[in-house]
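Chain and residue survey
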Amino acid sequence: MDEVYISEISWPVFEEKIAAGAPVFLPVGATEQHGPHLPLGVDVFLPAAVAANLARRLGGLVAPPIPYGYKSQARSGGGQQFPGTTSLSAHTLTLVVKDVIHDLGLHGARRFVIVNGHCENAWPLVEGLDLAMTELRRDGISGTKAMRLEYWDFIRPETLERLFPDGYPGIELEHASLLETSLMLLVRPDLVSPELMPDDGPAEFPPYDVTPVPKGLVPASGVLAVAQGATKESGQLLMDDYVTLISEAIAKEFDL
Ligand SMILES: [Zn+2]
């Protein structure tokens, strides 16, 4: 049995691990198109995998991931028009995160790490966490501390140079592209169809949003940059960076 998943342990085991100070990881993703070669759950699978590796290394627990995220945006996820992209309003996502963190806090958790897998979630997660911490304080619970992060920010410059010798397009344009495809080849290769990788990118976006989204702005495939060249080995390099660098940050913040 893999003892890091809250969904797979009993309440006495949960109680014991929390009492020992286990940090609780909450992966938050999205159900969103990722081109024809990747599944709709990429933004859930990847932060969940990063969180599980971190929990194994640090003696933490992984809460069931939140599978829906804030609305997909044209310049970072292609937008809401792709079939299957199913999203929450910012308000709903905020309240889901607030309720989950608050309940975990009522049951003794004091260290939280929200691992975000979908760019658009960032501010609703900040808000949900803020409301949860305020509520816990009002409930008389003190000593809680939380981190909120985007896993992709924890990457060594030398890894970026190795994977992107011609220059890194930036995480928003990387949607369904080299990074996410490489990581999926590592984490869930059974769900990747390399033969369906499109070649209609990279997108060229102005530095602003337009509503309604102009026709032709987003590549028809939904892939915003280029997925070609993705490998499992690159996925492993990325995962190693994420786990090493995030572990260091967590150890620093939580005095582990
Ligand atoms: Zn996304």
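Figured I'd write up the structure that's included with this text. (Residues numbered from 1 in each chain as written. Predicted model: local features only at pLDDT ≥ 70, side-chain atom pairs only at ≥ 80, totals over all residues. Heavy atoms only, no water.)

1. Side note on the coordination of the zinc ion
- Distances from the zinc ion to its protein donors, Glu32 (OE), Asp43 (OD) and His118 (ND1), fall at 1.9 to 2.3 Å.
- Sequence spacing among the residues donating to the zinc ion works out to E-x10-D-x74-H. Here His118 lies in the loop between strand 3 (111-116) and helix 5 (122-138) and Glu32 lies in the loop between strand 1 (24-28) and helix 2 (42-58), a separation of 86 residues in the sequence. Per residue, the accessibility class of Glu32 equals that of His118, and both read buried. (Donors = N, O, S within 2.8 Å, 3.2 Å for Na, K, Ca; no water. Helix = DSSP H or I, 4+ residues; strand = E, 2+ residues; numbered from the N terminus. Buried < 20%, exposed > 50% of the residue type's maximum accessible area, 1.4 Å probe, protein only.)

2. What to know about the layout of surface pockets
- What the largest pocket holds in volume is close to 230 Å³.
- Lining of the largest pocket is provided by 16 residues; of these, Gln73, Ala74, Val210, Thr211 and Val213 occupy positions nearest its centre.
- Here the lining of the largest pocket is built from residues that sort into seven nonpolar, six polar and three charged.
- The calculated volume of the second largest pocket comes to roughly 190 Å³.
- Residue lining of the second largest pocket: Leu163, Phe164, Pro165, Asp166, Gly167, Pro169, Glu174, Leu178, Pro202, Ala225, Val226 and Gln228, and that is the complete set.
- Classifying every residue of the lining of the second largest pocket gives eight nonpolar, two polar and two charged. (1 Å grid on protein atoms, 1.4 Å probe; cavity = no way out; pocket = protein on both sides within 12 Å on 5 of 7 lines; lining within 4 Å. Points joined across faces, edges and corners; volume = space filled by probe spheres on them. Nonpolar A, V, L, I, M, F, W, Y, C, P; charged D, E, K, R; others polar.)

3. Some remarks on the sheet that holds strand 1
- Spatial ordering of the open sheet is given by 2-1-3-4, a layout of four strands whose pairing is parallel. The strands lining the two open edges of the sheet, one partner per strand, are strand 2 (61-62) and strand 4 (145-150).
- In this structure, strand 1 lies alongside strand 2, joined through two bridges in parallel fashion. Its bridge partner lying in strand 2, Val24 is registered against Leu61.
- Relative to strand 1, helix 2 is tilted by about 170 degrees, and along the sheet it contacts strand 1, strand 2 and strand 3. (Pairing = 2+ DSSP bridges. Contact = heavy atoms within 4.5 Å. Axes fitted to C-alpha atoms, helices over the stretch in contact; angles between N-to-C directions.)

It is worth stressing that arrangement in space is one thing and function is another; only the former is reported here.
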